[in-house]
Amino acid sequence: MPSICLYLKAHQPRRVRHYKIFDIGERSDYFVTDEERFDNKKILQKVVKKSYIPTNTVLLDLLKKHPEFKVSFSLTGVLIDQLEEDAPEVIESFQELVDTGRVEILGETYHHS
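This is a predicted model, so every value here is computed, not measured.

## With respect to a nonpolar patch on the surface
Argument step 1. Together, Val-16, Tyr-30 and Phe-31 make up a nonpolar patch on the protein surface, roughly 300 Å² of accessible area in all.
Argument step 2. Mapping Phe-31 onto the fold places it in the loop between strand S1 (7–10) and helix H1 (40–65).
Argument step 3. For Phe-31, a relative accessible area of 45% puts it in the partly exposed group.

So this is what it looks like as structure tokens:
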């Protein structure tokens, strides 16, 4: 049976407010906004609930059931910073995966640029 390398990238960009040309040099509140579509914390919580936690739960189950199964992750620094601030349970779920000995964390650029 052929081997498959499962490589998952995880990134959560910080959204910035809409800036007009006249805001340059006048405002520096790039991440502060009343518009919900730019609310980074709410967006992160939604993605945590819909993606990170369910995916990591499934992967942990697969790792427990199938000793030959392995997976690699690439996590950006921007994601890690946001998770440390607002969703440490996701960091713990990644740590739980790594503790199986069959999950590798790969190098990734901070900004996913």
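Next, the rest of the story.
## Quick look at the sheet that holds strand S3 (residues 103–106)
Argument step 1. Pairing is parallel across the open sheet formed by three strands, whose spatial order is S1-S2-S3. What marks the edges here is a single partner per strand, and that holds for S1 and S3. Averaged over neighbouring strand pairs, the angle between their axes works out to 25° when direction is ignored.
Argument step 2. Bridging between strand S2 (residues 71–75) and S3 involves four bridges; their strand directions are parallel. Residue Phe-73 lies in a different strand from S3, and its bridge partner there is Ile-105.

## Considerations on H1
Argument step 1. Across its 26 residues, H1 extends 36 Å between first and last C-alpha, which sits within 8% of the 38 Å expected from 1.5 Å per residue.
Argument step 2. Looking at the buried side of H1, the elements it contacts are S1, S2, helix H2 (77–86), helix H3 (88–98) and S3.
Argument step 3. The opening residue of H1, the one whose side-chain oxygen lies 3.3 Å from the backbone nitrogen of Lys-41, is Asp-39.

## Brief notes about the packing of H1 against H2
A pair of packed helices is characterised by two quantities: the angle between their axes and the separation of those axes.
Argument step 1. Remark: H1 packs on H2, axes separated minimally by 11 Å, with the N-to-C direction vectors making an angle of 95°. With respect to H2, the axis of H1 lies roughly perpendicular. Contact with H1, carried on its side by Asn-40, Lys-41, Leu-44, Gln-45, Val-48 and Tyr-52, involves Leu-79, Gln-82, Leu-83 and Asp-86 of H2 and no other residues of that element.

## Structural notes on the nonpolar core
Argument step 1. Membership of the largest hydrophobic core comes to 17 residues, with the highest contact counts inside it found for Val-48, Phe-73, Leu-83, Val-90, Phe-94 and Leu-97.
Argument step 2. Elements with a minimum of two residues in this core: H1, S2, H2 and H3.
Argument step 3. The leading source of residues in this core is H1, at six residues.
Argument step 4. Not counting chain neighbours up to four residues away, the residues in contact with Val-48 comprise Ile-53, Pro-54, Leu-83, Ala-87, Glu-89 and Val-90.

Cut-off values and rules
Residues numbered from 1 in each chain as written. Predicted model: local features only at pLDDT ≥ 70, side-chain atom pairs only at ≥ 80, totals over all residues. Heavy atoms only, no water. Patch = residues over 30% accessible without salt bridge, like charges linked within 9 Å, V, L, I, M, F, W, Y side chains within 5 Å. Areas by Shrake-Rupley, 256 points an atom, 1.4 Å probe, with all protein chains shown as cover. Salt bridge = Lys/Arg side-chain N within 4 Å of Asp/Glu carboxyl O. Helix = DSSP H or I, 4+ residues; strand = E, 2+ residues; numbered from the N terminus. Buried < 20%, exposed > 50% of the residue type's maximum accessible area, 1.4 Å probe, protein only. Pairing = 2+ DSSP bridges. Axes fitted to C-alpha atoms, helices over the stretch in contact; angles between N-to-C directions. Expected span 1.5 Å × (residues − 1). Contact = heavy atoms within 4.5 Å. Polar contact = N/O pair within 3.5 Å; in protein donor to acceptor, adjacent residues only side chain to side chain. Parallel < 35°, antiparallel > 145°, perpendicular 65-115°, else oblique. Core = buried A, V, L, I, M, F, W, Y, C linked by side-chain atoms within 4.5 Å.

Geometric values such as these leave the question of function open.
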